[in-house]
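If you want the building blocks of each chain, they are given just below.
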Amino acid sequence: MDNNKGTEAQKYVWEGAIPLQIHLHESEVTTLPPPPPALVLAPRIGYLPLLVPQIKPFFNSALPPGVDTVWFEYKGLPLKWYIPTGVLFDLLCAEPERPWNLTVHFRGYPANILTPCEGEDSVKWSFINSLKEAAYVINGNCKNVMNMSQSDQVELWRSVLNVNLETYLWVSSKLKLGIAGDEFSVKLNSCVLKSQQSAVETDNTGSVKIGRIPVRLYVYNVNEDFDDLEDAPQIDSWDKISYINRPVEIHGEGKCFTLLDAVKSLLPEFFAEPSSTNEEISEVEVGDEQRLPSEEYGSSPRITTADVGETSCEHVWSSDVSDTAEIKLLRIQGIEPKLEIPFGWVVNNLMNPEHFLHICVYVRIPEPITI
(Lines give C-alpha, C1' and ligand atoms only; values in the text may rest on other atoms or scores of the structure.)
Protein backbone atom coordinates (compact mmCIF):
# COMPACT_ATOMS: atom_id res chain seq x y z
CA MET A 1 0.00 0.00 0.00
CA ASP A 2 1.14 3.53 -0.78
CA ASN A 3 2.16 5.06 2.55
CA ASN A 4 0.71 8.37 1.42
CA LYS A 5 -2.76 6.87 1.07
CA GLY A 6 -2.95 5.55 4.62
CA THR A 7 -4.46 2.40 6.08
CA GLU A 8 -8.15 1.56 5.98
CA ALA A 9 -8.41 2.40 9.67
CA GLN A 10 -6.77 5.81 9.14
CA LYS A 11 -9.25 6.54 6.35
CA TYR A 12 -12.17 5.72 8.64
CA VAL A 13 -10.74 8.00 11.32
CA TRP A 14 -10.24 10.90 8.92
CA GLU A 15 -13.65 10.43 7.32
CA GLY A 16 -15.34 10.20 10.72
CA ALA A 17 -17.85 12.97 11.41
CA ILE A 18 -20.39 13.85 14.08
CA PRO A 19 -23.84 15.21 13.18
CA LEU A 20 -24.41 18.39 15.18
CA GLN A 21 -27.63 20.27 15.85
CA ILE A 22 -26.52 23.72 16.96
CA HIS A 23 -28.91 26.10 18.69
CA LEU A 24 -28.37 29.82 19.26
CA HIS A 25 -28.58 30.59 22.98
CA GLU A 26 -31.94 32.13 23.83
CA SER A 27 -30.32 35.17 25.47
CA GLU A 28 -28.88 36.19 22.09
CA VAL A 29 -32.04 35.76 20.01
CA THR A 30 -33.46 39.13 18.91
CA THR A 31 -36.05 37.95 16.37
CA LEU A 32 -39.43 36.25 16.37
CA PRO A 33 -39.69 33.48 15.62
CA PRO A 34 -36.22 32.40 16.79
CA PRO A 35 -33.92 30.97 14.13
CA PRO A 36 -34.02 27.21 13.59
CA PRO A 37 -30.97 25.17 14.68
CA ALA A 38 -28.09 24.71 12.27
CA LEU A 39 -27.39 21.13 11.17
CA VAL A 40 -23.71 20.53 10.54
CA LEU A 41 -21.54 17.46 9.96
CA ALA A 42 -18.42 18.12 12.01
CA PRO A 43 -15.16 16.24 11.27
CA ARG A 44 -13.91 14.25 14.27
CA ILE A 45 -10.37 15.49 13.79
CA GLY A 46 -11.53 19.11 13.52
CA TYR A 47 -12.22 21.80 16.10
CA LEU A 48 -15.47 23.59 16.92
CA PRO A 49 -14.29 27.16 16.10
CA LEU A 50 -13.59 26.02 12.54
CA LEU A 51 -17.34 25.52 12.07
CA VAL A 52 -18.18 29.19 12.67
CA PRO A 53 -18.07 30.21 8.96
CA GLN A 54 -20.66 27.49 8.28
CA ILE A 55 -23.03 28.23 11.12
CA LYS A 56 -22.95 32.03 11.42
CA PRO A 57 -25.15 32.59 8.33
CA PHE A 58 -27.93 30.66 10.12
CA PHE A 59 -27.95 33.08 13.05
CA ASN A 60 -26.51 36.36 11.76
CA SER A 61 -29.84 38.15 11.38
CA ALA A 62 -30.93 37.20 14.91
CA LEU A 63 -27.82 38.37 16.78
CA PRO A 64 -27.75 41.46 19.02
CA PRO A 65 -25.28 44.29 18.24
CA GLY A 66 -21.71 43.62 19.32
CA VAL A 67 -18.46 41.92 18.44
CA ASP A 68 -18.44 38.16 17.94
CA THR A 69 -16.75 36.11 20.67
CA VAL A 70 -17.90 32.64 19.68
CA TRP A 71 -18.03 29.71 22.08
CA PHE A 72 -20.00 26.49 22.43
CA GLU A 73 -21.60 24.70 25.34
CA TYR A 74 -23.16 21.31 26.00
CA LYS A 75 -25.76 21.07 28.76
CA GLY A 76 -24.36 24.19 30.39
CA LEU A 77 -20.69 23.12 30.12
CA PRO A 78 -18.49 25.49 28.05
CA LEU A 79 -16.53 23.39 25.56
CA LYS A 80 -12.75 23.74 25.36
CA TRP A 81 -12.07 24.75 21.80
CA TYR A 82 -8.55 23.29 21.54
CA ILE A 83 -9.77 19.73 22.23
CA PRO A 84 -10.69 17.96 18.96
CA THR A 85 -14.42 17.71 18.33
CA GLY A 86 -14.37 13.91 18.31
CA VAL A 87 -12.61 13.81 21.67
CA LEU A 88 -15.17 16.17 23.21
CA PHE A 89 -17.97 13.95 21.93
CA ASP A 90 -16.36 10.73 23.20
CA LEU A 91 -15.71 12.26 26.61
CA LEU A 92 -18.99 14.05 27.25
CA CYS A 93 -21.44 11.60 25.66
CA ALA A 94 -20.96 8.22 27.29
CA GLU A 95 -24.10 7.15 25.45
CA PRO A 96 -23.55 8.74 22.00
CA GLU A 97 -26.16 11.38 21.21
CA ARG A 98 -27.01 11.81 17.53
CA PRO A 99 -27.40 14.49 16.53
CA TRP A 100 -25.27 16.04 19.23
CA ASN A 101 -27.19 19.05 20.52
CA LEU A 102 -24.89 21.98 21.20
CA THR A 103 -25.56 25.62 22.01
CA VAL A 104 -23.54 28.39 20.36
CA HIS A 105 -22.89 31.82 21.84
CA PHE A 106 -21.64 34.85 19.93
CA ARG A 107 -21.43 37.07 23.02
CA GLY A 108 -20.34 36.82 26.65
CA TYR A 109 -17.17 34.74 26.32
CA PRO A 110 -16.49 32.87 29.63
CA ALA A 111 -12.84 33.92 29.99
CA ASN A 112 -12.77 32.51 33.52
CA ILE A 113 -13.25 28.99 32.10
CA LEU A 114 -11.93 29.06 28.53
CA THR A 115 -8.65 30.36 27.18
CA PRO A 116 -9.05 33.11 24.54
CA CYS A 117 -9.78 32.06 20.98
CA GLU A 118 -9.35 34.35 17.99
CA GLY A 119 -10.88 31.97 15.48
CA GLU A 120 -8.90 29.88 12.99
CA ASP A 121 -5.54 31.48 13.81
CA SER A 122 -5.78 30.41 17.45
CA VAL A 123 -6.74 26.87 16.45
CA LYS A 124 -3.89 26.68 13.95
CA TRP A 125 -1.26 27.77 16.47
CA SER A 126 -2.66 25.41 19.08
CA PHE A 127 -2.35 22.57 16.55
CA ILE A 128 1.20 23.49 15.53
CA ASN A 129 2.33 23.81 19.15
CA SER A 130 0.79 20.43 20.00
CA LEU A 131 2.70 19.00 17.04
CA LYS A 132 5.91 20.47 18.46
CA GLU A 133 5.15 18.98 21.85
CA ALA A 134 4.54 15.56 20.27
CA ALA A 135 7.80 15.81 18.34
CA TYR A 136 9.64 16.61 21.56
CA VAL A 137 8.17 13.55 23.26
CA ILE A 138 9.07 11.28 20.34
CA ASN A 139 12.50 12.60 19.36
CA GLY A 140 13.66 14.65 22.33
CA ASN A 141 13.47 17.84 20.28
CA CYS A 142 11.07 19.63 17.96
CA LYS A 143 13.57 20.85 15.37
CA ASN A 144 11.86 19.15 12.45
CA VAL A 145 8.59 20.95 13.18
CA MET A 146 10.29 24.28 13.90
CA ASN A 147 12.25 24.02 10.64
CA MET A 148 9.22 23.29 8.45
CA SER A 149 9.03 25.53 5.40
CA GLN A 150 6.18 28.00 5.33
CA SER A 151 4.62 26.20 2.37
CA ASP A 152 4.74 22.83 4.14
CA GLN A 153 3.21 24.33 7.26
CA VAL A 154 0.40 25.83 5.18
CA GLU A 155 -0.17 22.55 3.35
CA LEU A 156 -0.21 20.58 6.59
CA TRP A 157 -2.81 22.87 8.14
CA ARG A 158 -4.92 22.90 4.98
CA SER A 159 -4.89 19.11 4.92
CA VAL A 160 -6.45 19.14 8.39
CA LEU A 161 -8.95 21.86 7.46
CA ASN A 162 -9.98 20.01 4.31
CA VAL A 163 -9.73 16.53 5.88
CA ASN A 164 -7.28 15.42 3.19
CA LEU A 165 -5.43 12.36 4.52
CA GLU A 166 -3.25 11.84 1.44
CA THR A 167 -1.83 15.39 1.54
CA TYR A 168 -1.40 15.18 5.31
CA LEU A 169 0.61 11.95 5.11
CA TRP A 170 2.79 13.35 2.34
CA VAL A 171 3.66 16.53 4.27
CA SER A 172 3.90 14.97 7.74
CA SER A 173 6.24 12.24 6.46
CA LYS A 174 8.89 14.96 6.13
CA LEU A 175 8.83 15.48 9.89
CA LYS A 176 10.26 11.97 10.48
CA LEU A 177 8.51 11.59 13.80
CA GLY A 178 9.15 7.87 13.76
CA ILE A 179 5.81 6.47 14.92
CA ALA A 180 4.03 5.16 11.85
CA GLY A 181 5.83 2.84 9.48
CA ASP A 182 9.15 2.45 11.28
CA GLU A 183 10.72 -0.92 12.05
CA PHE A 184 9.83 -0.69 15.72
CA SER A 185 6.14 -0.15 15.00
CA VAL A 186 6.02 -2.94 12.43
CA LYS A 187 7.45 -5.38 14.93
CA LEU A 188 5.12 -4.06 17.60
CA ASN A 189 2.07 -4.43 15.40
CA SER A 190 2.90 -8.00 14.50
CA CYS A 191 3.65 -8.87 18.14
CA VAL A 192 6.90 -10.63 17.26
CA LEU A 193 9.35 -8.60 19.28
CA LYS A 194 12.41 -10.83 19.36
CA SER A 195 14.66 -8.83 21.61
CA GLN A 196 14.98 -5.41 23.14
CA GLN A 197 17.87 -4.49 20.87
CA SER A 198 15.98 -5.31 17.68
CA ALA A 199 12.69 -3.82 18.86
CA VAL A 200 13.87 -0.31 19.70
CA GLU A 201 16.11 2.29 18.20
CA THR A 202 19.72 2.82 19.24
CA ASP A 203 21.53 6.10 19.13
CA ASN A 204 25.08 6.70 17.91
CA THR A 205 26.57 5.64 21.23
CA GLY A 206 24.81 2.29 21.10
CA SER A 207 22.50 3.04 24.04
CA VAL A 208 18.88 1.98 23.73
CA LYS A 209 16.19 4.57 23.08
CA ILE A 210 12.77 3.86 24.50
CA GLY A 211 9.79 4.18 22.19
CA ARG A 212 7.85 7.20 23.47
CA ILE A 213 4.26 7.73 22.40
CA PRO A 214 2.57 11.11 23.06
CA VAL A 215 -0.74 10.46 24.82
CA ARG A 216 -3.42 12.78 26.14
CA LEU A 217 -5.63 11.02 28.61
CA TYR A 218 -8.95 12.40 29.84
CA VAL A 219 -10.09 10.62 33.00
CA TYR A 220 -13.55 10.96 34.51
CA ASN A 221 -13.52 9.59 38.04
CA VAL A 222 -17.00 8.34 39.02
CA ASN A 223 -18.13 6.97 42.36
CA GLU A 224 -21.47 5.57 41.26
CA ASP A 225 -21.67 2.18 39.57
CA PHE A 226 -23.63 1.77 36.34
CA ASP A 227 -24.18 -1.05 33.88
CA ASP A 228 -25.53 0.93 30.91
CA LEU A 229 -23.72 3.90 29.42
CA GLU A 230 -26.98 5.85 29.33
CA ASP A 231 -26.91 5.74 33.14
CA ALA A 232 -23.41 7.23 33.39
CA PRO A 233 -23.34 10.48 35.40
CA GLN A 234 -23.19 13.64 33.30
CA ILE A 235 -20.00 15.71 33.29
CA ASP A 236 -21.06 19.19 34.36
CA SER A 237 -17.68 20.70 35.27
CA TRP A 238 -14.15 20.49 33.88
CA ASP A 239 -12.98 20.14 37.49
CA LYS A 240 -14.26 16.57 37.32
CA ILE A 241 -11.91 15.70 34.46
CA SER A 242 -8.31 14.79 35.16
CA TYR A 243 -6.15 15.74 32.19
CA ILE A 244 -3.04 13.60 32.01
CA ASN A 245 -0.30 14.43 29.54
CA ARG A 246 2.02 11.46 29.96
CA PRO A 247 3.99 9.60 27.28
CA VAL A 248 3.79 5.85 27.05
CA GLU A 249 7.25 4.32 27.14
CA ILE A 250 7.49 1.05 25.28
CA HIS A 251 10.27 -1.45 25.98
CA GLY A 252 11.01 -4.46 23.82
CA GLU A 253 10.18 -7.34 26.15
CA GLY A 254 9.71 -10.17 23.69
CA LYS A 255 5.92 -9.96 23.95
CA CYS A 256 3.07 -7.99 22.46
CA PHE A 257 2.63 -4.62 24.16
CA THR A 258 -1.13 -4.16 24.43
CA LEU A 259 -3.50 -1.28 25.03
CA LEU A 260 -3.94 -2.62 28.56
CA ASP A 261 -0.17 -2.40 29.11
CA ALA A 262 -0.32 1.22 27.95
CA VAL A 263 -3.25 2.04 30.25
CA LYS A 264 -1.41 0.49 33.20
CA SER A 265 1.63 2.63 32.48
CA LEU A 266 -0.56 5.74 32.15
CA LEU A 267 -2.48 5.08 35.37
CA PRO A 268 -0.08 3.36 37.76
CA GLU A 269 -2.09 4.79 40.66
CA PHE A 270 -4.89 2.42 39.62
CA PHE A 271 -2.94 -0.54 38.29
CA ALA A 272 0.23 -0.62 40.38
CA GLU A 273 1.90 -4.03 40.54
CA PRO A 274 2.27 -5.48 44.05
CA SER A 275 6.03 -4.99 43.92
CA SER A 276 5.70 -1.32 43.12
CA THR A 277 2.87 -0.19 45.37
CA ASN A 278 5.30 1.54 47.68
CA GLU A 279 7.00 3.46 44.91
CA GLU A 280 6.30 7.16 44.79
CA ILE A 281 4.36 8.51 41.83
CA SER A 282 5.44 11.99 40.92
CA GLU A 283 2.59 14.20 39.74
CA VAL A 284 2.65 17.83 38.70
CA GLU A 285 -0.37 20.09 38.54
CA VAL A 286 -0.70 22.13 35.39
CA GLY A 287 -3.06 24.78 34.10
CA ASP A 288 -4.48 25.52 30.69
CA GLU A 289 -1.28 27.28 29.71
CA GLN A 290 0.58 23.94 29.51
CA ARG A 291 -2.29 22.22 27.73
CA LEU A 292 -2.23 24.99 25.15
CA PRO A 293 1.43 25.95 24.59
CA SER A 294 1.92 29.56 23.58
CA GLU A 295 3.46 30.62 20.31
CA GLU A 296 6.67 31.33 22.20
CA TYR A 297 7.10 27.58 22.62
CA GLY A 298 8.05 27.37 18.97
CA SER A 299 11.22 29.36 19.45
CA SER A 300 12.05 28.39 23.00
CA PRO A 301 10.77 24.98 24.12
CA ARG A 302 9.79 25.01 27.77
CA ILE A 303 9.32 21.27 28.11
CA THR A 304 12.14 19.30 29.67
CA THR A 305 12.91 15.61 29.61
CA ALA A 306 11.69 15.44 33.18
CA ASP A 307 8.46 17.18 32.26
CA VAL A 308 7.46 14.71 29.58
CA GLY A 309 8.40 11.77 31.75
CA GLU A 310 6.09 12.72 34.57
CA THR A 311 2.36 13.10 35.01
CA SER A 312 0.57 16.34 34.33
CA CYS A 313 -2.62 15.88 36.28
CA GLU A 314 -5.19 18.12 37.93
CA HIS A 315 -6.21 15.59 40.55
CA VAL A 316 -3.99 13.27 42.57
CA TRP A 317 -5.15 9.78 43.43
CA SER A 318 -3.63 7.38 45.90
CA SER A 319 -2.27 4.07 44.64
CA ASP A 320 -4.12 2.23 47.40
CA VAL A 321 -7.28 2.24 45.26
CA SER A 322 -5.78 -0.04 42.62
CA ASP A 323 -7.62 -3.10 43.91
CA THR A 324 -11.05 -1.51 43.54
CA ALA A 325 -10.67 0.75 40.50
CA GLU A 326 -12.67 -0.36 37.47
CA ILE A 327 -12.59 0.95 33.90
CA LYS A 328 -16.22 1.51 32.92
CA LEU A 329 -15.49 3.05 29.54
CA LEU A 330 -12.43 3.51 27.33
CA ARG A 331 -12.95 5.21 24.01
CA ILE A 332 -10.57 6.26 21.23
CA GLN A 333 -11.84 7.88 18.02
CA GLY A 334 -15.38 6.76 18.84
CA ILE A 335 -14.20 3.16 19.22
CA GLU A 336 -14.29 1.11 22.41
CA PRO A 337 -11.38 -1.24 21.65
CA LYS A 338 -10.60 -4.41 23.54
CA LEU A 339 -7.73 -3.88 25.94
CA GLU A 340 -5.87 -6.85 24.42
CA ILE A 341 -5.40 -5.04 21.10
CA PRO A 342 -1.73 -4.34 20.18
CA PHE A 343 -0.93 -0.79 21.24
CA GLY A 344 1.20 -0.27 18.14
CA TRP A 345 -1.86 -0.74 15.94
CA VAL A 346 -3.81 1.76 18.06
CA VAL A 347 -1.04 4.36 17.75
CA ASN A 348 -0.47 3.94 14.03
CA ASN A 349 -4.14 4.02 13.11
CA LEU A 350 -6.04 6.06 15.70
CA MET A 351 -3.80 9.00 16.58
CA ASN A 352 -4.90 12.53 15.76
CA PRO A 353 -3.13 14.67 13.12
CA GLU A 354 -0.99 16.47 15.74
CA HIS A 355 0.53 13.05 16.56
CA PHE A 356 -1.15 12.69 19.95
CA LEU A 357 -3.26 9.70 20.87
CA HIS A 358 -6.34 10.97 22.74
CA ILE A 359 -7.89 8.43 25.14
CA CYS A 360 -11.12 9.04 27.08
CA VAL A 361 -11.59 6.89 30.19
CA TYR A 362 -14.33 6.58 32.80
CA VAL A 363 -12.91 5.01 35.96
CA ARG A 364 -15.10 3.98 38.86
CA ILE A 365 -13.56 4.31 42.30
CA PRO A 366 -15.92 3.54 45.19
CA GLU A 367 -16.00 6.22 47.85
CA PRO A 368 -13.83 5.28 50.84
CA ILE A 369 -15.64 4.03 53.90
CA THR A 370 -15.20 6.45 56.77
CA ILE A 371 -15.38 5.36 60.39
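Further up the page is the structure itself.
To keep things clear, this report deals only with the structure shown in the data block.

## Re the pairing of strand 1 (residues 17-24)
Here is step 1: Burial of strand 1 is one-sided: the residues I18, L20, I22 and L24 facing one way are buried, the residues A17, P19, Q21 and H23 facing the other way are not.
Here is step 2: In terms of strand pairing, strand 1 meets strand 2 (residues 38-43) through six bridges, oriented antiparallel. Paired with I18 across the strands is A42, a residue of strand 2.

## Describing the sheet that holds strand 4 (residues 77-78)
Here is step 1: The mixed open sheet is built from five strands, whose spatial order is 2-1-5-3-4. Pairing within the sheet leaves two strands with one partner each, and these edge strands are strand 2 and strand 4.
Here is step 2: Against the sheet, helix 3 (residues 85-92) contacts strand 1, strand 2, strand 3 (71-74), strand 4 and strand 5 (100-105), and its axis sits at roughly 120 degrees relative to strand 5.

## Quick word on the nonpolar core
Here is step 1: L20, L79, W100, V248, F343, L357 and I359 are the most contacted members of the largest nonpolar core, which has 97 residues in total.
Here is step 2: Excluding residues within four positions of it along the chain, F343 makes contact with I213, V215, V248, I250, F257, T258, L259, A262 and L357.

## Regarding the sheet that holds strand 12 (residues 326-331)
Here is step 1: Ordered in space as 8-7-13-12, the four strands form an open sheet in which the pairing is mixed. The sheet terminates laterally at strand 8 (241-245) and strand 12, the two strands that pair on one side only. With direction set aside, neighbouring strand axes in the sheet form an average angle of 25 degrees.
Here is step 2: Across eight bridges, the pairing between strand 7 (residues 215-222) and strand 13 (residues 357-364) is parallel. Bridge pairing links Y220 to Y362 in strand 13.

## A word on helix 3
Here is step 1: By the criterion of burial, helix 3 is predominantly enclosed, with eight of the eight residues buried.
Here is step 2: Within helix 3, the full set of buried residues consists of T85, G86, V87, L88, F89, D90, L91 and L92.

## A look at the pattern of salt bridges
Here is step 1: For the structure on display, the rule yields 14 salt bridges.
Here is step 2: A salt bridge links E133 to R216, with the shortest nitrogen-to-oxygen separation between them at 2.8 Å. Separated by 83 residues along the polypeptide, E133 in helix 4 (residues 120-139) and R216 in strand 7 bring together distant segments of the chain. Like E133, the residue R216 is buried in the burial classification.
Here is step 3: As a salt-bridge pair, R158 and E155 come within 3.9 Å of each other at their nearest N and O atoms. Of this pair, R158 and E155 both sit in helix 6 (residues 150-161), three residues apart, which is roughly one turn of the helix.
Here is step 4: Through salt bridges with shared partners, a single ionic network connects D225, E326, K328 and R364.

The rules behind each value
Residues numbered from 1 in each chain as written. Predicted model: local features only at pLDDT ≥ 70, side-chain atom pairs only at ≥ 80, totals over all residues. Heavy atoms only, no water. Buried < 20%, exposed > 50% of the residue type's maximum accessible area, 1.4 Å probe, protein only. Helix = DSSP H or I, 4+ residues; strand = E, 2+ residues; numbered from the N terminus. Pairing = 2+ DSSP bridges. Contact = heavy atoms within 4.5 Å. Axes fitted to C-alpha atoms, helices over the stretch in contact; angles between N-to-C directions. Core = buried A, V, L, I, M, F, W, Y, C linked by side-chain atoms within 4.5 Å. Salt bridge = Lys/Arg side-chain N within 4 Å of Asp/Glu carboxyl O.

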